[in-house]
Amino acid sequence: MSLKTSKRILKIFGIFDIICGIFLIILGVMVLVGASQLSPEEIASDPSLSAGVSGMAILFILGLLSLLEGIFSIRGAKDAAKIMPAWIFAIIGVIAAVVGLFTGGSLGGSIFSLIVNIVIFIAANKIKKSRISN
């Protein structure tokens with residue numbers, strides 16, 4: 001993969017990550033705001049409601065990670081000197097996707113997330129290596 005292709009991939013997937021991150025943040029906030037209308041006793045008494053609120057909190061956090069990964073990917077695609085945060089967030093994204101595969105989340109979503117994060121990591125790693133060799 002050439003350096004130009006790596007930058008293009010990083011930019012495209014960065015935009016995609018930002019869109020997905022914003023969607024997950026909005027979804028998580030909507031559910032958490034709705035759940036805030038319930039008393040802690042109501043949430044604790046219904047295991048499925050408690051699990052749903054916990055799941056949405058996790059989606060909110062994953063949305064933040066995705067948003068940051070997208071922002072740093074676009075910055076790294078524009079300026080190779082700023083590639084390290086994108087590289088680090090790609091590693092975090094790969095780890096989160098692997099954990100998602102084994103924790104009973106959406107299998108399709110986890111596999112898709114894993115593929116996206118691996119592609120971002122490969123592109124960021126190519127840019128990082130080219131920066132070091134120069």
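All values derive from a computational prediction rather than experimental measurement.

Caption draft 1: Focus on the overall build of the protein chain. Each helix and strand in the protein chain was counted, giving five helices and zero strands. Ordering the α and β elements of the protein chain from the N terminus gives α-α-α-α-α. Seen along its three principal axes, the alpha-carbon backbone of the protein chain occupies a region of about 60 × 25 × 20 Å. Expressed as a percentage of its 134 residues, the buried residues of the protein chain come to 32%.

Caption draft 2: Highlighting helix α1 (residues 3-35). For α1, built from 33 residues, the straight-helix expectation of 48 Å at 1.5 Å per residue is met to within 8% by its first-to-last C-alpha distance of 46 Å. For α1, the set of buried residues is Ser6, Leu10, Gly14, Asp17, Ile18, Gly21, Leu24, Ile25, Gly28 and Ala35.

Caption draft 3: Representation of a nonpolar patch on the surface. A cluster of nonpolar residues, Met1, Ile118 and Ile122, forms a patch on the protein surface that exposes about 260 Å² of accessible area. One can find isoleucine 118 in helix α5 (residues 107-133).

Calculation criteria
- Residues numbered from 1 in each chain as written.
- Predicted model: local features only at pLDDT ≥ 70, side-chain atom pairs only at ≥ 80, totals over all residues.
- Heavy atoms only, no water.
- Helix = DSSP H or I, 4+ residues; strand = E, 2+ residues; numbered from the N terminus.
- Buried < 20%, exposed > 50% of the residue type's maximum accessible area, 1.4 Å probe, protein only.
- Expected span 1.5 Å × (residues − 1).
- Patch = residues over 30% accessible without salt bridge, like charges linked within 9 Å, V, L, I, M, F, W, Y side chains within 5 Å.
- Areas by Shrake-Rupley, 256 points an atom, 1.4 Å probe, with all protein chains shown as cover.
- Salt bridge = Lys/Arg side-chain N within 4 Å of Asp/Glu carboxyl O.

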